[in-house]
Amino acid sequence: MKEVSPVRAIGTKPTRVVVAGDTCVSAQGLAAIVGRDKRYQVCGGAHGFYDAGELIRKHQPDVLRIEPFLEDRDGICWIKDLATENPRTRILIVSRQSEQIYAERVLQAGATGYWMKNGSEEELLRAVETVAAGKIYVSPLITSLALERFAHCESLPQDLDLLTDRELAVFALIAAEQGVGRIAKKLGISRTTVETHCQNIKSKHGYPNAEALKRGARELFGTTRAWQTS
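A. The arrangement of the side chain of Thr 15 in detail. Here Thr 15 shows up in strand β1 (residues 15–21). Classification of Thr 15 by relative accessible area gives buried; the value is 18%. Beyond its immediate stretch of four places on either side in the chain, Thr 15 contacts Arg 39, Tyr 40, Gln 41, Asp 62, Val 63 and Ala 132.

The following block contains the structure:
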């Protein structure tokens, strides 16, 4: 997506936003929603880590909206790097992945909000407004889960705490019915490394074979084919 001309709000300086989507269409759609609100100046949109990095360096945005699975790199690792290198930029995650599984990880990595793609445009704008104001945005579900965890309830998927961030990313892509080669390309790692992570996940969760691993991933992540990324 090409960079767009800034839109200035009368009497105020608009919040600068950069959008990074997992596809060009996704990036354009997210940018269009926010761009209609005069409080925000969409500096540009990108598909992929390299282009997103160039826009971030050029515009130093107030808010960065990204999807955790872009080509050639692990999203959680990237979030950690972004939060360190751009401490004034508020990072809002926009994702199809289950917030129950991912929200805690990305917030720990340095993100300041998590919005599910099945939400409304109004909820997305509320999320942008919240993180732009320096606050944390999560859904009511995540707030409830946080309270449950605080109360030491056992209804949370605590088995996933056994996995590293990279193993969790591999597990989620298995749930989305991605093969080893596709996962390697998504995360920017080798097939051998993906296979090693799969073995570690099977060992930690007691899955006897690859089919059990796939079935367990789908059960834990509540996956449907609609989760798949292009």
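B. Summary view of helix α9 (residues 191–205). Along its 15 residues, α9 runs 21 Å from first to last C-alpha, staying within 8% of the 21 Å computed at 1.5 Å per residue. Burial in α9 covers these residues: Val 194, His 197, Cys 198, Ile 201, Lys 202 and His 205. Along α9, the residues classed as buried sweep out an arc of 140° about the axis, all on the same side. Set apart from the buried face of α9 by more than 90 degrees, the exposed residues are Thr 192 and Ser 203. Against the buried residues of α9 lie α7 (165–175), α8 (180–187) and α10 (210–221). At the exit of α9 stands Gly 206, carrying a positive phi of roughly 75°.

C. The arrangement of the sheet that holds strand β6 (residues 90–95) in detail. If you trace the five strands from one edge of the open sheet to the other, you get β2-β1-β3-β6-β7, paired in parallel fashion. Across the chains shown, the open sheet's two edge strands, defined by having one partner strand only, are β2 (40–47) and β7 (113–116). Between one strand axis and the next, the sheet turns by 20° as a mean value, whatever way the strands run. By the bridge criterion, seven bridges tie β1 to β2 in an arrangement that is parallel. Bridge pairing in β2 links Val 18 to Gly 44. Of the strands in this sheet, β1, β2, β3 (63–66), β6 and β7 touch helix α5 (residues 121–132), which is tilted by about 160° from β6.

Cut-offs used in this document
Residues numbered from 1 in each chain as written. Predicted model: local features only at pLDDT ≥ 70, side-chain atom pairs only at ≥ 80, totals over all residues. Heavy atoms only, no water. Helix = DSSP H or I, 4+ residues; strand = E, 2+ residues; numbered from the N terminus. Buried < 20%, exposed > 50% of the residue type's maximum accessible area, 1.4 Å probe, protein only. Contact = heavy atoms within 4.5 Å. Expected span 1.5 Å × (residues − 1). Arc of directions from axis to C-beta. Pairing = 2+ DSSP bridges. Axes fitted to C-alpha atoms, helices over the stretch in contact; angles between N-to-C directions.

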